[in-house]
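One-letter residues, chain by chain:
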Amino acid sequence: MKLNAFARAALLAAGCAVALPALAADKPVLEVWTMSLSPKFDGYFKDLVGKYNAQNPNVEIKWTDYPWDVIQSKFTAAVGAGKPPALVNLNVPWAYDYKQSGLLQPLDGVINKSQYVDGAIKDVTFDGKVYAFPHYNGANVIAYNAELFKKAGLNPAKPPKSLDEQLAYAKTIKAKTGVAGFAPALGPTKIEGFLIQNGLPLLKDGKPVFNSPAHVAMLKKLGDAYKSGALLKDNLFAQDNFQVSIAAYNSGRMAMLVTTPASLTRVRDEAPKLYQSTQVAPAPIGPTGIAAGGWMFNFGVARNVNKALLPEIGKFGNYLTNADNQLAFAKLAGTLPTARKAAQDPYFQKVANDAGAAEKAVGVAAASLDKTRTIYLAGVKDPDVLSARLAAAVEKAVTGRQDPKAALDEAAAFWSGKL
């Protein structure tokens, strides 16, 4: 998110605005804004809000849903007008940017941090303070074709646990079966997450550092796999190569698919025979100890809400994201909860012996939530432009069109000019 002149004006206005509580029958009305959850979850939110209002007659919760491409402008305008909602639904990059711009306030005094998994709290902790109530998340698993593993002489009971193992498996599978191993996400807006998860930082003290020997070695490693055919080449460097990747997996043209549990229902429906031989395991963990695939949504509180209402806002924020409510939401949405007790519920942890890969994957993903993080390029202007330039350099290096060090040097110079 980039703050334009309008948003900066809102920030200035927020500095002097005094947000007064709306009154309905002499009690405060707390507005809660969600993002693109209506109409699918109308019943869920109306029931949740109705129960809370009945149990807390001293306050009224009002729920409003906005499309994802509208909610930011609505929130910025509301803050600028001194009439922000009590809680606003954000993703982690948006929460970070709003915190950096001074539009959100820390919630350490009102949030019940102990009810959430570690990864979720870390996602919304900036400069040592917690800035949002974690809500729902995602987490990746690795689905793999056990029959192809056997044909390649690999043990299906021992899936890869690291990127190096995954690359080695992919090369073996290609050599023994002629099938590509997997397709990492190397395109724009994805490449930074790939590098960071694998312990390769992009910036240090505001300067690009992705042209180091370690980064060059990574691209040479990927280039070697690419040349051997171990990586699926279709749309490998596109911003989103998932649709092509799952189609390749379902048609038997790729052996391993890193994806969310919900996506495996497509394997079940589109390739039922393959589904029977599909097994799942945790997605490989990088040297950072981070499990990729997280994209957490949360609820932030504007800097200029009425301070007198913070206890009530905190009470509802904790209620909205508690274990019972998150578990109910996860069952409806096919998402993962950030409330620890919900993640430990038998719904996730006790899978029937005859369960399919999609059901097993839910438990596998839920077990990794403490390590799951939202990885993104933070604290820079024009992140999409920077990401696109880095991805272009990676593509040239991996495909052998340019020396890896030269490609990364050029991209680093471009970043330096922009930063």
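Residues numbered from 1 in each chain as written. Predicted model: local features only at pLDDT ≥ 70, side-chain atom pairs only at ≥ 80, totals over all residues. Heavy atoms only, no water.

We now examine the nonpolar core. Ranked by internal contacts, the top residues of the largest apolar core, which has 135 residues, are Met256, Leu264, Ile313, Phe316 and Leu390. At seven residues, helix α18 (residues 383-398) tops the list of elements feeding residues into this core. Excluding anything up to four places from it in sequence, Leu390 contacts Ile191, Leu195, Leu202, Phe210, Leu408, Ala411 and Trp415. (Core = buried A, V, L, I, M, F, W, Y, C linked by side-chain atoms within 4.5 Å. Buried < 20%, exposed > 50% of the residue type's maximum accessible area, 1.4 Å probe, protein only. Helix = DSSP H or I, 4+ residues; strand = E, 2+ residues; numbered from the N terminus. Contact = heavy atoms within 4.5 Å.)

Before going further, it helps to examine unusual backbone geometry. The step from Ser38 to Pro39 runs through a cis peptide bond, and the omega angle for that step is 10°. With respect to the element layout, Pro39 can be found in the loop between β2 (27-35) and α2 (42-55). A positive phi angle is found at Ser36, which is not glycine, with a value near 55°. Positionally, Ser36 belongs in the loop between β2 and α2. Backbone geometry places Asp382, a non-glycine residue, at a positive phi of 50°.

Taken over all residues, the pLDDT of the chain has a mean of 92, while the share at 70 or more is 94%. Within the model, the stretch residues 1-24 combines pLDDT values under 50 with 44 contacts to residues more than four positions away or in other chains. (pLDDT = per-residue confidence, 0-100.)

Moving on, we get to the pattern of salt bridges. Enumeration according to the criterion identifies 14 salt bridges in this entry. Here Lys51 ties to Asp47 by a salt bridge, and the two come within 3.4 Å at their closest N and O atoms. Of the two residues, Lys51 and Asp47 both sit in helix α2, four residues apart, roughly one turn of that helix. For Lys99, the salt bridge is made with Asp127, and the minimal N-O distance between the two is 2.3 Å. Here Lys99 is found in helix α4 (residues 92-100), whereas its partner Asp127 is found in the loop between β5 (125-126) and β6 (129-130), with 28 residues between them in sequence. (Salt bridge = Lys/Arg side-chain N within 4 Å of Asp/Glu carboxyl O.)

Bringing the sheet that holds strand β13 (residues 278-282) into the picture now. Pairing is antiparallel in the open sheet, where three strands are placed in the order β12-β9-β13. Each having just a single partner strand, β12 (256-259) and β13 make up the two edges of the open sheet. Neighbour-to-neighbour, the strand axes of this sheet turn through a mean angle of 25°, independent of strand direction. In this structure, strand β9 (residues 141-145) lies alongside β12, joined through four bridges in antiparallel fashion. (Pairing = 2+ DSSP bridges. Axes fitted to C-alpha atoms, helices over the stretch in contact; angles between N-to-C directions.)

Our next topic: the side chain of Thr338. Counting through the fold element by element, Thr338 comes out in the loop between β16 (336-337) and α15 (340-343). When its relative accessible area of 1% is taken as the criterion, Thr338 is described as buried. Within the structure, the side chain of Thr338 is placed 3.4 Å from the backbone oxygen of Pro134, a separation counted as a polar contact. Once residues lying within four places of it in the same chain are set aside, the contact partners of Thr338 are Gln115, Tyr116, Val117, Ala120, Pro134, His135, Tyr136, Asn137, Met296 and Gln326. (Polar contact = N/O pair within 3.5 Å; in protein donor to acceptor, adjacent residues only side chain to side chain.)

Attention shifts here to the packing of aromatic side chains. Going through the model one piece at a time under the given rule, you end up with 20 aromatic pairs. Here Phe316 and Tyr319 contribute two aromatic rings whose centre-to-centre distance is 6.1 Å and whose plane-to-plane angle is 40°, an arrangement assigned as tilted. One end of the pair is Phe316 and the other is Tyr319, both in helix α13 (residues 310-320) and three residues apart, which spans about a single turn. Comparing Phe316 with Tyr319, the two get one shared label, buried. Each residue in the set Phe41, Tyr44, Phe45, Trp63, Tyr136, Phe297 and Phe329 is aromatic and connected to the rest through ring pairs, giving one cluster. The ring of Tyr226 has Lys233 lying over it, and the distance from NZ or CZ to the ring centre is 4.6 Å. Of note, Arg389 hangs over the ring of Phe414, and the distance from its end group to the ring centre comes to 5.8 Å. (Phe/Tyr/Trp six-rings, centres within 6.5 Å; stacked < 30°, edge-to-face > 60°. Lys NZ or Arg CZ within 6 Å of the ring centre and 35° of its normal.)

Next up on the list: empty space enclosed by the protein. Using the criterion set out here, one finds one cavity of 30 Å³ or more in the structure. There is about 30 Å³ of room inside the largest cavity. Taken together, Val32, Phe45, Leu48, Val49, Ile61, Trp63, Phe316 and Leu320 make up the lining of the largest cavity. When contributions to the lining of the largest cavity are tallied by element, the ones reaching two or more residues are α2, β3 (60-66) and α13. In terms of residue count, α2 provides more of the lining of the largest cavity than any other element does, three residues in total. Among the residues forming the lining of the largest cavity, the class breakdown is eight nonpolar, no polar and no charged. (1 Å grid on protein atoms, 1.4 Å probe; cavity = no way out; pocket = protein on both sides within 12 Å on 5 of 7 lines; lining within 4 Å. Points joined across faces, edges and corners; volume = space filled by probe spheres on them. Nonpolar A, V, L, I, M, F, W, Y, C, P; charged D, E, K, R; others polar.)

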